Amino acid sequence: MKKLHKIIALFAFIFFAGIFVTIITLNTSLNKSVHSSETTDIQKDTLYLLQAEKKAV
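Reading the values: the criteria
- Residues numbered from 1 in each chain as written.
- Predicted model: local features only at pLDDT ≥ 70, side-chain atom pairs only at ≥ 80, totals over all residues.
- Heavy atoms only, no water.
- Helix = DSSP H or I, 4+ residues; strand = E, 2+ residues; numbered from the N terminus.
- Buried < 20%, exposed > 50% of the residue type's maximum accessible area, 1.4 Å probe, protein only.
- Areas by Shrake-Rupley, 256 points an atom, 1.4 Å probe, with all protein chains shown as cover.
- Phe/Tyr/Trp six-rings, centres within 6.5 Å; stacked < 30°, edge-to-face > 60°.
- Patch = residues over 30% accessible without salt bridge, like charges linked within 9 Å, V, L, I, M, F, W, Y side chains within 5 Å.
- Salt bridge = Lys/Arg side-chain N within 4 Å of Asp/Glu carboxyl O.

## Structural notes on the overall build of the protein
Inference 1: A tally of helices and strands in the protein yields two helices and zero strands.
Inference 2: By the burial criterion, 0% of the 57 residues in the protein qualify as buried.
Inference 3: Summing over all exposed atoms, the protein offers an accessible surface of approximately 5900 Å²; the carbon and sulfur share of this is 70%.

As structure tokens, then:
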């Protein structure tokens with residue numbers, strides 16, 4: 001019975017360690033800064049397409 005408790009404790013430790021590592025990885029990837037030039041280019045492209053669409057109608 002002691003071995004069963006040790007095995008369950010080991011799997012629980014691995015499970016919680018995996019969750020912890022996943023949360024840390026997600027937080028670091030979400031905290032990366034976005035380049036402002038890319039955002040500006042996307043907005044310019046979108047405005048251009050909207051204006052072209054209005055002219056076509």
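## A word on the packing of aromatic side chains
Inference 1: Tallied over the entire structure, the rule returns one aromatic pair.
Inference 2: Each ring, one from Phe15 and one from Phe16, has its centre 5.4 Å from the other, and the planes form 70°; the classification is edge-to-face. Phe16 matches Phe15 in its accessibility class, with the two residues each being exposed.

## Thoughts on a nonpolar patch on the surface
Inference 1: Among the surface-exposed residues, Ile7, Leu10, Phe11, Phe13 and Ile14 lie close enough to one another that they form a single nonpolar patch of about 560 Å² accessible area.
Inference 2: Residue position: Ile7 is located in helix α1 (residues 2–30).
Inference 3: Residue classification places Ile7 among the partly exposed residues on the basis of a relative accessible area of 45%.

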